[in-house]
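# Tertiary structure, described
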Amino acid sequence: MSEPKLIRELLPIRPDQEGNTQSYKMILTPYEQESAVEYAVNNAKKLFIQRKQAAGIPEARIMLILAQKDFLKELGGIDNILTEANKRKHWEMEREENRKNREEKNKQDREQLLKLWQANIFLRVIKDYFTCILEKKFVIDSNNLPLVSAVCFFMSKDERFETELGFNFKKGLMLLGPAGVGKTEIIKAVSDNPVKPINVYSLLAITDQIRNSGTFSIDYSKAIALDDVGSEEPTVKHYGSDISWFKDFIESYYLKHTNYSKLIITTNCDGDEIERLYGLRVRDRMREMFNVITIKGESRRK
């Protein structure tokens, strides 16, 4: 199809909200113009055939009528078809530009948040949580310093997490230590933040729900903290079915992801205990998935 002679350089489109008439420059290529006309005519033919078939008209009769119809004229001519196609291309380009602008703004906003939410801010949040929520004095000593440093660097994406502590940002956190040393409360303290919000789930609560309903849903829109791994029954029955939720979760997450930075677990179990509870495969997967922070010392619960 040759390029239509009636196409003007500027084609009218619908009025804006103030009632002013806008115009968009013709940006369709010759190939796009030809494709637009061909698509419009073919689509009109298909709709015509479908309506006649629905009315029970014999196919031979439909084909006879079809051959006599001037669909191009019924669609308002080539000029009208290309006007509409040109509008759509402009709108698609505008939507794409708006999408890119939103992405760029979101990127800039996140960069500003990261500049604000540095490691010292997360440390302040932890201290305020213990003081105001738990009504306890937060003391940093040689026992919990590795935990506090790792969590603050990890949450703020501070390069010292890798350069000083030797960890990897593509891995999650596994906080290993005896009960009462602050693993759970420190994660809860930093969970409500605009940079990396966390949903904290108790393995005991998950197990109870699995026993009752057979399923448990995780919100993957935020980072995930699984608390007290190993304190639950590793396998529970639901209507005769054996379900090992944590084992299934780890194996599934490992297969579906290559970055595990949105996972955090707290546990009292070392590697041997993890293997006894969930099997060698889970232990091997967890070696690849987590940075292990070992916390020593006695319980701070008083």
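For the structure, check the block above.
The sections below set out a description of the structure shown in this document.

The rules behind the values
Along each chain, residue indices are assigned from 1 in the same order as the chain's sequence is written. Local features are withheld for residues below a pLDDT of 70 in this predicted model, meaning they are given only at 70 or higher, and side-chain atom pairs are given and counted only at 80 or more; totals for whole chains, interfaces and linings count all residues. Only heavy atoms go into the side-chain values, all of them from the structure, while hydrogens and water stay out. Relative accessibility thresholds used throughout: buried, under 20% of the residue-type maximum; exposed, over 50%; partly exposed, between the two (1.4 Å probe, protein chains only). Helix and strand definitions follow DSSP, with helices as H or I runs of at least four residues and strands as E runs of at least two, each counted in order from the N terminus. Note on contacts: a residue pair qualifies if any of its non-hydrogen atoms lie within 4.5 Å across the two residues. The rule for pairing is simple: two strands pair if DSSP sees at least two bridges between them. We define a salt bridge as a contact between a side-chain nitrogen of Lys or Arg and a carboxyl oxygen of Asp or Glu at a distance within 4 Å. For helices, the fitted axis covers only the stretch in contact; all axes are lines through C-alpha atoms, and the angles between them, taken along N-to-C directions, range from 0 to 180 degrees. We call two directions roughly parallel when the angle between them is under 35 degrees, roughly antiparallel when it is over 145, roughly perpendicular when it lies between 65 and 115, and oblique otherwise. By definition, any crossing whose near helix is turned counterclockwise from its far helix by less than a right angle is left-handed, and any crossing with a clockwise turn is right-handed. Each residue is assigned to one of three groups, with Ala, Val, Leu, Ile, Met, Phe, Trp, Tyr, Cys and Pro labelled nonpolar, Asp, Glu, Lys and Arg labelled charged, and all others, Gly among them, labelled polar. Here, the term disulfide refers to a pair of cysteine sulfur atoms separated by no more than 2.5 Å.

### Looking at helix α8 (residues 183-190)
Of all the eight residues making up α8, six are buried; the element is thus mostly covered by neighbouring parts of the structure. Within the span of α8, buried status applies to Lys183, Thr184, Ile186, Ile187, Ala189 and Val190. Buried-residue contacts for α8 involve α5 (119-133), α6 (145-156), β3 (172-176), β4 (198-202), β5 (223-229) and β8 (263-267).

### Observations regarding the pairing of β8
Most of β8 is tucked away: five of the five residues are buried. Residue alternation in β8 divides its side chains into two sets, Leu263, Ile265 and Thr267 and Ile264 and Thr266, and both sets are buried. Examined bridge by bridge, β3 and β8 share four bridges and lie parallel to one another. Pairing of Leu175 across the sheet is with Thr266, part of β8. In terms of strand pairing, β5 meets β8 through four bridges, oriented parallel. Residue pairing for β8: Leu226 is matched across the bridge by Ile265.

### Describing the pattern of salt bridges
Following the criterion strictly, the structure yields 16 salt bridges and no others. Notably, a salt bridge pairs Glu32 with Lys89, separated by 2.7 Å at the nearest N-O pair. Here Lys89 lies in helix α4 (residues 77-116) and Glu32 lies in helix α1 (residues 30-54), a separation of 57 residues in the sequence. Of the charged contacts in the structure, one is a salt bridge between Arg276 and Glu273, with a shortest N-O distance of 2.7 Å. Highlighted residues: Arg276 and Glu273, both in helix α11 (residues 271-278), separated by three residues, approximately one helical turn. Put simply, Glu96, Arg99 and Glu103 are held in one network by salt bridges that share partners.

### Details of the packing of α5 against α6
Two elements in contact, α5 and α6, have axes separated by 8 Å at closest approach and are oriented at 125°. When the axes of α5 and α6 are compared, the pair comes out oblique. Crossing handedness for the pair α5 and α6: right-handed. Between α5 and α6, the residues in contact are Ala119, Phe122, Leu123 and Ile126 and Val148, Cys152, Phe153, Met155 and Ser156, respectively. Here the residues of the contact of α5 with α6 are counted per class, giving eight nonpolar, one polar and no charged.

### Thoughts on the packing of α11 against helix α12 (residues 280-289)
Taken N-terminus to C-terminus, the directions of α11 and α12 make an angle of 135°; their axes are 7 Å apart at the nearest point. One way to sum up the angle between α11 and α12 is to call them oblique. Between α11, through Gly271, Asp272, Ile274, Glu275 and Tyr278, and α12, the contact on the second element is made entirely by Leu280, Val282, Arg283 and Met286. Among the residues forming the contact of α11 with α12, the class breakdown is five nonpolar, one polar and three charged.

### Overview of the sheet that holds β8
Two orientations exist for strands paired in a sheet by backbone hydrogen bonds: parallel and antiparallel. One open sheet holds the five strands; their spatial order is β4-β5-β8-β3-β9, and the pairing between them is parallel. If you trace the sheet from one side to the other, it starts and ends with β4 and β9 (290-294), each paired once. Taking the axes of each pair of neighbouring strands and ignoring which way they run, one obtains an average angle of 20° across the sheet. Bridge analysis of β3 against β9 gives five bridges, and the strand direction is parallel. Its bridge partner lying in β9, Met174 is registered against Val292.

### A short note on the state of the cysteines
Taken as a whole and judged by the stated rule, the model has zero disulfides. Not part of a disulfide, Cys152 finds its nearest cysteine sulfur in Cys132, a span of 16 Å. Assessed through its relative accessible area of 4%, Cys152 is described here as buried.

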